[in-house]
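Structural features, examined
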Amino acid sequence: MLRWVLLALMALATGVGALAQITSGHGTSTAWGNVDGIMNEAVARGTIPGGVVLVGHDGAVVYRKAFGMRSLEPVREAMTVDTIFDVASMTKCIATATAVMKLVEEGKLRLNDPVAAYLPEFAKHGKENITIRELLTHFSGLREDLELKGQWKGREMAYQMAMDAEPAFPPGSRFLYSDINFETLGFVVEKVSGLSLDTYAARNIFEPLGMKDTHFLPPGHPFLEQWRGRIAPTEYDEDHRMLRGTVHDPTARRMGGVAGHAGVFSTADDLAKFAQEMLTGFHVLSALTVEKMTTPQQPPTAAVLRGLGWDIDSPFSGNRGEFFPVGSFGHTGFTGTSIWIDPVSNSYVIVLTNAVHPHGSNTAAVVSLRGRIASAVAQAVAQEVRL
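We now turn to the structure provided with this report. (Residues numbered from 1 in each chain as written. Predicted model: local features only at pLDDT ≥ 70, side-chain atom pairs only at ≥ 80, totals over all residues. Heavy atoms only, no water.)

**Quick notes on the overall build of the protein**
Along the backbone of the protein there are twelve helices and eleven strands. For the protein, the spread of C-alpha atoms along the principal axes amounts to about 60 × 55 × 35 Å. Counting only residues that meet the buried cut, the protein has 59% of its 387 residues in that class. For the protein, the exposed surface amounts to about 15,100 Å²; the carbon and sulfur share of it is 54%. Averaging the positions of the 34 positive and the 40 negative side-chain charges in the protein gives two centres separated by 1 Å. (Helix = DSSP H or I, 4+ residues; strand = E, 2+ residues; numbered from the N terminus. Buried < 20%, exposed > 50% of the residue type's maximum accessible area, 1.4 Å probe, protein only. Areas by Shrake-Rupley, 256 points an atom, 1.4 Å probe, with all protein chains shown as cover. Lys, Arg positive; Asp, Glu negative; His and termini not counted. Charge placed at Lys NZ, Arg CZ, Asp CG, Glu CD.)

Take a look at the structure:
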């Protein structure tokens, strides 16, 4: 209860927390014109080929629209609202962190346990005291990613490299966003559950929530050919083949498409189901666990605010925009995707683009785009309510 009181006070200070009941539930108000304008401008300028924006409020979808093109090369295809996107690092919060917290709920994991209690090989090179919590909050001190020099391939090699990794900083001393953290957490989920990460996520997260268009897509996955025509391509790989249904992240690709930090493909509609679950559902995780995940869990002296797998206020939280309060939470993906969820206004905004298509993205422009959309959404929702 204290969390909601504090968040309400913070939200009132930003102007979003005073929201009351939506008067138009279909995104038809002229207030949504700003969202349309921002997306259309981004397409016209070539910041993105296209994208899908979906907004939920008070348990209903109030805005859902596709813009621009799904594919520019090798063929041109219009974007559709049911397009399937490589959500990249959103895998961390949607799949891996949720899986970890499910195991915590079941008493099979403890947040303050050392990782080495579950993966003894991890204790090498001064990592023996790094905890599950420090992996989830990016306070482990581990470097940004596994070394990609050389031609290594396979999950076994990735596992060995993660176990052999040396911290760049003492655990708990500073925030350093690291894919190794979540690659390792994926291995922890597999060790503790006895299931592959993709199987565990499908059975315990995606299927219970009815996320029928969400999955990891390793080579040969039965959904791959069925979905390929709806998947937004990303960019050309090292062999000049357009990636479409193959994960964009190079480390996840070398790991066979299933990794704790990247690899999930999804749609705006499915992610809306997940966002609503985090607000009011509690079918997969209890309300108590969701609150634990989405409130600050970093060391008390840290300047950044991180939940367990979720961003709250850090250098990566530009997709919160200007008006959603500190206390809301979300995540981004390198391919041009983001989600932001605000418990106070009972709202969420999902932005899915394939900004890296066809030849890479202007990262700064995409970061700005996501923040501008979030700001416009917060204002649009505010204009559609009775005070």
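Structure shown, so let's carry the discussion forward.
**Quick word on the packing of aromatic side chains**
All told, the structure shown has eight aromatic pairs when counted by the stated rule. Centre to centre, the rings of Phe-175 and Phe-316 are 6.0 Å apart; their planes meet at 70°, and the pair counts as edge-to-face. Taken together, the residues Phe-175 in the loop between α5 (155-164) and α6 (179-193) and Phe-316 in the loop between β8 (311-313) and β9 (329-333) connect sequence positions 141 residues apart. When its relative accessible area of 14% is taken as the criterion, Phe-175 is described as buried. A ring pair is formed by Phe-223 and Trp-227, whose centres lie 4.9 Å apart and whose planes are at 35°; its orientation type is tilted. (Phe/Tyr/Trp six-rings, centres within 6.5 Å; stacked < 30°, edge-to-face > 60°.)

**Topic: helix α10 (residues 268-281)**
Counting buried residues in α10 gives ten out of 14 residues, a clear majority hidden from the surface. Positive backbone phi, approximately 60°, marks Phe-282, located one or two places after α10.

**A word on the sheet that holds strand β4 (residues 85-86)**
The three strands are arranged β4-β6-β5 in an open sheet whose pairing can be described as antiparallel. Each edge of the open sheet is held by one strand with a lone partner, namely β4 and β5 (215-216). Relative to strand β6 (residues 264-266), β4 is paired through two bridges, and the arrangement is antiparallel. In the strand pairing of β6, Asp-86 is matched with Phe-265. (Pairing = 2+ DSSP bridges.)

**Section: the nonpolar core**
In this structure, Ile-132, Leu-136, Phe-206, Trp-310, Ile-341 and Ile-350 are the most contacted members of the largest nonpolar core, which totals 76 residues. For this core, the element with the most residues is helix α3 (residues 91-105), which contributes eight residues. Other than its neighbours up to four places away in sequence, Leu-136 contacts Ala-97, Val-100, Met-101, Leu-111, Phe-182, Leu-185, Gly-307, Leu-308 and Gly-309. Core analysis: the second largest hydrophobic core is formed by 26 residues, Ile-48, Val-55, Leu-369 and Val-381 among them. (Core = buried A, V, L, I, M, F, W, Y, C linked by side-chain atoms within 4.5 Å. Contact = heavy atoms within 4.5 Å.)

**A few points about the environment of Val-367**
Residue position: Val-367 is located in helix α12 (residues 363-383). Val-367 gets classed as partly exposed once you look at its relative accessible area, which sits at 40%. Between the C-alpha atoms of Val-367 and Gly-336, which are 31 residues apart in sequence, the distance is 8.3 Å.

**Looking at the packing of helix α2 (residues 33-45) against α12**
Contact geometry of α2 with α12 gives a least axis separation of 9 Å together with a crossing angle of 165°. When the interaxial angle is binned, α2 and α12 end up roughly antiparallel. Every pair of crossing elements has a handedness; the one defined by α2 and α12 is left-handed. Two secondary-structure elements touch here, α2 through Asn-34, Val-35, Ile-38, Met-39, Glu-41 and Ala-42 and α12 through Leu-369, Arg-372, Ile-373, Ala-376 and Val-377. Each residue belonging to the contact of α2 with α12 can be placed in one class, and the counts come to eight nonpolar, one polar and two charged. (Axes fitted to C-alpha atoms, helices over the stretch in contact; angles between N-to-C directions. Parallel < 35°, antiparallel > 145°, perpendicular 65-115°, else oblique. Left-handed = near helix turned anticlockwise from the far one by under 90°. Nonpolar A, V, L, I, M, F, W, Y, C, P; charged D, E, K, R; others polar.)

**Some remarks on the pattern of salt bridges**
On inspection of all chains with the given rule, the structure shows 21 salt bridges. With its nearest N and O atoms 3.1 Å apart, the salt bridge here joins Arg-320 to Asp-313. Assessed through its relative accessible area of 13%, Arg-320 is described here as buried. Through salt bridges that share partners, Asp-82, Lys-212, Asp-213 and Arg-230 make up one connected network. (Salt bridge = Lys/Arg side-chain N within 4 Å of Asp/Glu carboxyl O.)

**Details of unusual backbone geometry**
The omega torsion across Glu-73 and Pro-74 is -5°, close enough to zero to call that bond cis. Looking at where Pro-74 falls in the secondary structure, it is placed in the loop between β2 (60-71) and β3 (77-78). For the peptide bond that leads from His-357 to Pro-358, omega is -5°, which places it in the cis range. Mapped onto the elements of the fold, Pro-358 is located in the loop between β11 (347-353) and α12.

**Regarding the pairing of β2**
Here strand β1 (residues 50-57) pairs with β2 via eight bridges, running antiparallel. Among the inter-strand pairings, Gly-51 is bridged to a residue of β2, identified as Phe-67. Where β1 hands over to β2, the hairpin turn is made up of two residues, of which Asp-58 adopts a positive phi near 50°. Here β2 runs beside β3; their pairing, made up of two bridges, is antiparallel. Among the inter-strand pairings, Met-69 is bridged to a residue of β3, identified as Ala-78. A loop of five residues connects β2 with β3, the two strands running antiparallel in sequence.

**A word on the environment of Glu-128**
You can see Glu-128 is positioned in the loop between α3 and α4 (132-137). According to the relative accessible area criterion, Glu-128 is partly exposed, its value standing at 38%. On a C-alpha basis, the gap between Glu-128 and Ala-117 in space is 8.8 Å, while along the polypeptide they are eleven residues apart.

**Some words on the side chain of Arg-253**
Note that Arg-253 resides in helix α9 (residues 250-254). Of the polar contacts made by the side chain of Arg-253, one reaches the backbone oxygen of His-248; its length is 2.6 Å. Filtering out sequence-adjacent residues up to four positions away, Arg-253 remains in contact with Asp-237, Glu-238, Leu-243, Thr-246, Val-247 and His-248. (Polar contact = N/O pair within 3.5 Å; in protein donor to acceptor, adjacent residues only side chain to side chain.)

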